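# Commentary on secondary and tertiary structure
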Amino acid sequence: MRWTLTRLTYEGTGAKDPANAELVAVNAGSQSCTLAGYPKLEFYLGKGPQAEGVGKGSPAPVTLGAGKKAVIALHYSEMNGKGPDSGNCNPLVTAGTADVAAPADSTGVRVPVVDQSGKPAEVTICGQEVRMSPPVAR
């Protein structure tokens, strides 16, 4: 799997609960593979506070052909006055990378955060939880 993590910005879309970021898994192999469950996702601030990805329930397995991708929407409170934790932000985690591992993989990779143009970016997360939506093939 090859992973990318993109911080999303929405200007005036009026969406009720837009994702703050997307985690994308691309099958970099020549054979089909199956993403069965939520990946392990962790954001660190040095050795200090961290935020972790949390999924709800057991998502349906997603089979990916060679070169195909699955997208996982990420939702979290930001330090910008939006979200339930933004007024009392403890801990505040600002990260330019995340550690990601496939559901059945014990070894993860460090993935840089990029903006929608592919340039280096950071995410600022209030609290310790990043909600993950079930993986969707695209």
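Residues numbered from 1 in each chain as written. Predicted model: local features only at pLDDT ≥ 70, side-chain atom pairs only at ≥ 80, totals over all residues. Heavy atoms only, no water.

## Side note on the overall build of the protein chain
Rules: Numbering of helices and strands runs from the N terminus; a helix is a DSSP stretch of H or I covering at least four residues, while a strand is a stretch of E covering at least two. Throughout, exposure labels follow a simple rule: accessible area from a 1.4 Å probe, protein chains only, divided by the maximum for the residue type, with under 20% read as buried, over 50% as exposed, and the rest as partly exposed. Contact definition: two residues touch when any of their heavy atoms are within 4.5 Å. The method behind every accessible area is Shrake-Rupley, applied with a 1.4 Å probe, and residues are considered shielded solely by the protein chains displayed.
Broken down by element type, the protein chain carries zero helices and twelve strands. Here the protein chain holds 138 residues, and the buried ones make up 37% of them. Summarising the internal contacts of the protein chain: among those between residues at least 6 apart in sequence, 74% fall at separations of at least 24. Summed over its atoms, the accessible surface of the protein chain is roughly 7800 Å², and 48% of this surface lies on carbon and sulfur atoms.

## Some points on the pattern of salt bridges
Rules: Each salt bridge in this description consists of a side-chain nitrogen of Lys or Arg and a carboxyl oxygen of Asp or Glu lying within 4 Å of one another.
Per the counting criterion, the structure on display carries two salt bridges. Where Glu22 meets Arg138, a salt bridge forms, and the shortest distance between an N and an O atom there is 3.4 Å. Residue Glu22 is located in strand E2 (residues 21–26), and its partner Arg138 is located in the segment after strand E12 (136–137); the two are separated by 116 residues in the primary sequence. Look at Arg138 and you get exposed, because its relative accessible area is 58%.

## Structural notes on the nonpolar core
For clarity, the threshold we go by: In plain words, nonpolar cores are sets of buried Ala, Val, Leu, Ile, Met, Phe, Trp, Tyr and Cys residues tied together by side-chain atoms within 4.5 Å.
Among the nonpolar cores identified, the biggest contains 28 residues, and Leu5, Leu41, Phe43 and Leu74 are the most heavily contacted of them. When near neighbours in sequence (up to four residues on either side) are disregarded, Leu41 contacts Leu23, Ala51, Glu52, Gly53, Leu74, Ala98, Asp99, Val100, Val130 and Met132.

## Some words on the pairing of strand E7 (residues 69–77)
Applied cut-off: Any two strands between which DSSP finds at least two bridges are classified as paired.
Within E7, eight of the nine residues are buried, which leaves it mostly tucked inside the rest of the structure. As paired elements, E2 and E7 share six bridges and run antiparallel to each other. Among the inter-strand pairings, Ala25 is bridged to a residue of E7, identified as Ala70. Two strands pair when backbone bridges link them, and E7 and strand E11 (residues 123–132) are joined in this way by three bridges, in the antiparallel orientation. The residue bridging His75 from the neighbouring strand is Arg131, located in E11.

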